[in-house]
Amino acid sequence: MSVDLNGIGPGQVNTTRTTADKAGGNQAPKAPQSDNAQAKSPAARGENVNLSSQAKDLKQLEQRLGDFPEMDDERIEQIRSALESGTYKVDAQKLAQKMLDMDKSIFG
């Protein structure tokens, strides 16, 4: 069984019920399984999950972003000084090109 998890949050996932669960519909619900038991359960039943290409791309992007520092303190100080002195200039062409490059890297 394949499940496409593209855009689905934890509260939106329907659980699969077994034939025994459907037959005993009036019984009290079972206590939730622990995370460890839930992780083993799909594999034990021979189920698998296929990630969409978009999910795979997002994972790769996340890994690449992890290689960059969160903040470049030196660059922040340069920009702060330029703003305070009134010498900060925005190059519209360079900004537009960077935005296009980022869009291309994300969406191909």
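Our subject is the structure that appears above.
This structure is a prediction, so every number in the text was calculated from the model and none was measured.

Draft legend 1. Spatial organisation of the overall build of the chain. For the chain, the count of helices and strands is five helices and zero strands. Its helices and strands taken in sequence order, the chain reads α-α-α-α-α from the N to the C terminus. A buried classification covers 4% of the 108 residues belonging to the chain. Here the chain has roughly 10,200 Å² of accessible surface; of this, 54% comes from carbon and sulfur atoms.

Draft legend 2. Structural detail: the layout of surface pockets. Taken as a whole, the second largest pocket holds about 420 Å³ of empty space. Residue lining of the second largest pocket: Leu-61, Arg-64, Leu-65, Phe-68, Lys-98, Met-99, Asp-101, Met-102, Ser-105 and Ile-106, and that is the complete set. Counting only elements with at least two residues in the lining of the second largest pocket, the list comes to α3 (53-65) and α5 (92-107). The biggest single contributor to the lining of the second largest pocket is α5, with six residues. When the residues that make up the lining of the second largest pocket are grouped by side-chain class, the tally is six nonpolar, one polar and three charged.

Draft legend 3. Focus on a nonpolar patch on the surface. Among the surface-exposed residues, Leu-83, Tyr-88, Val-90, Leu-95 and Met-99 lie close enough to one another that they form a single nonpolar patch of about 510 Å² accessible area. Among the structural elements, Met-99 can be located in helix α5.

Draft legend 4. Structural context of α5. In a regular helix each residue adds 1.5 Å, so 16 residues correspond to 22 Å; α5 covers 22 Å between its end C-alpha atoms and thus fits that length. With zero of 16 residues buried, α5 lies mostly on the surface of the structure. A side-chain oxygen of the first residue of α5 lies 3.2 Å from the backbone nitrogen of Gln-93; this N-cap is Asp-91. Immediately beyond the C-terminal end of α5, within one or two residues, lies Gly-108, with a positive phi of roughly 80°.

Draft legend 5. Inspection of the pattern of salt bridges at higher detail. A full pass over the atoms with the stated rule returns two salt bridges. Here Glu-62 ties to Lys-59 by a salt bridge, and the two come within 3.5 Å at their closest N and O atoms. Residue Glu-62 and its partner Lys-59 are both found in helix α3; the two are separated by three residues, about one turn of the helix. Take Glu-62: its relative accessible area is 48%, and that puts it in the partly exposed class. Looking at Lys-59, the relative accessible area reads 45%, which means it is partly exposed.

Thresholds applied
- Residue indices follow the written sequence of each chain, beginning from 1 at its first position.
- Where totals are concerned, whole chains, interfaces and linings use all residues; where local detail is concerned, this predicted model gives features only for residues with pLDDT of at least 70, and gives and counts side-chain atom pairs only at 80 or more.
- The basis for every side-chain value is the complete set of heavy atoms in the structure, and neither hydrogens nor water enter the calculation.
- Every helix listed is a DSSP run of H or I at least four residues long, and every strand listed is a run of E at least two residues long, numbered separately from the N terminus.
- Accessibility here uses a 1.4 Å probe with only protein chains present; expressed as a share of the type maximum, an area under 20% marks a residue as buried, one over 50% as exposed, and anything in between as partly exposed.
- Only the protein chains shown count as cover for residues, and the accessible areas themselves come from Shrake-Rupley with a 1.4 Å probe.
- Computed over the protein atoms alone on a 1 Å grid, cavities are sets of points where a 1.4 Å probe fits but cannot get out and pockets are open sets with protein on both sides within 12 Å along at least five of seven lines; a residue lines them when it has an atom within 4 Å of a point.
- Grid points are joined across faces, edges and corners, and a volume is the space filled by probe spheres set on the points.
- Each residue is assigned to one class: nonpolar for Ala, Val, Leu, Ile, Met, Phe, Trp, Tyr, Cys and Pro, charged for Asp, Glu, Lys and Arg, and polar for all the others, Gly among them.
- Candidates for patches are residues over 30% relative accessible area with no salt bridge; among them, like charges are joined within 9 Å and nonpolar side chains (Val, Leu, Ile, Met, Phe, Trp, Tyr) within 5 Å.
- For this document, the term salt bridge refers to a Lys or Arg side-chain nitrogen within 4 Å of an Asp or Glu carboxyl oxygen.
- One fewer than the residue count of a helix, multiplied by 1.5 Å, yields its expected span.
- Polar contact is the term for a pair of N or O atoms within 3.5 Å; when the atoms are in protein, one must be able to donate a hydrogen and the other to accept it, and sequence-neighboring residues count only if both atoms are side-chain atoms.

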